[in-house]
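# Summary of the model geometry
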Amino acid sequence: MLISTLFFLIFSGLFSQSLIKISGNHILQLQQISSAYEAKTTLNMSKELLRQQAATEEMPEKGSMITSVGTVLIERQETPAEFIFTLTLTTNTNMQYFDEFVLVLPEEEEDVEAKDEETEEREELEIEIQVDEKQAPNKEEAEENTRESEGESEQDLKKEAKEATTPNQ
C-alpha cells in the first residue's frame, strides 16, 4: 500500500508541474499577442496621422512620435509619384516592430482631366465595338463594321473641316 501511494504522489506532482508549465506558456503567448496588437494599433494610428498631415501640410523627411506604447520613428523616401514611409516602433519593453507605408502623391488637375477624357473615349469605342459585335453574326463582320464606322467618322470630320474653311456666301 505504501508503494502505490508513493507512485500516486509522484504522478500527481509531475501532472501538476506539467499543468503549471502549460499555463505559463499560454500566459506568455497571450502577453505577446497583446503587445503585438498594441504595436499594430500604434503603427496604424501613425499612418493615419501621416495621411491627415499630407492633406494639410508638407510631409516630414524624418520624425518621431512618442506614445504610451513606445516611440515611432518615421523615415521618408521619395519617388516621383509617391512617398514611401518606414515606421519603426520601439516599445517600452525594447521590442521593435516595422511597417512600410506608401502615400501616393496627388496628380495635377490637368493630368486628371486628360486621363478622364481618354477614358471616356475608350469607353465609347468599346461600346461601339460591343454593339457591332451584337449586330454582326461573327467577329470578322464586327471588325469590318468598326472600320467602316471609323472611316465614316473621319469622312464626316473632313467634310466639317472643309465647310468651316469655305466662306459662307
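One can find the structure itself at the top, above this paragraph.
To start, this report covers the structure provided alongside it. Note that residues are indexed from 1 along each chain, following the sequence as it is written. Restriction of local features to residues with pLDDT of at least 70 applies here, the model being predicted, together with a cutoff of 80 or more for giving and counting side-chain atom pairs; totals for whole chains, interfaces and linings are based on all residues. To get the side-chain values, take all heavy atoms of the structure and skip hydrogens and water.

### Considerations on the side chain of S46
In DSSP terms, a helix is any run of H or I states spanning at least four residues, a strand is any run of E spanning at least two, and both are numbered starting from the N terminus. Counting through the fold element by element, S46 comes out in helix α1 (residues 2–56). The cut-offs for exposure are 20% and 50% of the maximum accessible area for each residue type, with area from a 1.4 Å probe on protein chains only; residues under the lower value are buried, those over the upper are exposed, and the others partly exposed. On the basis of relative accessible area, S46 is assigned to the buried category, the value being 0%. Once residues within four sequence positions are removed from consideration, S46 is found in contact with M65, V72 and L87. In what follows, a contact means two residues having at least one pair of non-hydrogen atoms within 4.5 Å.

### Section: a nonpolar patch on the surface
Residues enter a patch when their relative accessible area is above 30% and they make no salt bridge; the linking distance is 9 Å between like charges and 5 Å between nonpolar side chains (Val, Leu, Ile, Met, Phe, Trp, Tyr). Exposure was quantified through the Shrake-Rupley algorithm and a 1.4 Å probe, taking into account, for residues, occlusion by the shown protein chains and nothing else. Should a side-chain nitrogen of Lys or Arg be within 4 Å of a carboxyl oxygen of Asp or Glu, the pair is scored as a salt bridge. Taken together, the side chains of I3, L6, F7, I10 and L14 define a hydrophobic patch exposed on the protein surface, amounting to about 550 Å² of accessible area. Positionally, L14 belongs in helix α1.

### Structural notes on the sheet that holds strand β1 (residues 62–66)
Here 4 strands make up an open sheet; going across it, the order is β1-β2-β3-β4 and the pairing antiparallel. A single partner strand is all that each edge strand has here, and the edge strands are β1 and β4 (96–104). Taken over all neighbouring pairs, the strand axes of this sheet differ in orientation by 20° on average, direction set aside. In this analysis, strands are considered paired if DSSP registers two or more bridges between them. Taken together, the 9 bridges between strand β2 (residues 70–78) and strand β3 (residues 82–91) define a ladder with antiparallel strand orientation. Looking across to β3, one finds that Q77 is bridged to I84. To obtain an axis, a line is fitted to C-alpha atoms, over the contacting stretch when the element is a helix, and the angle between two such axes runs from 0 to 180 degrees between their N-to-C directions.

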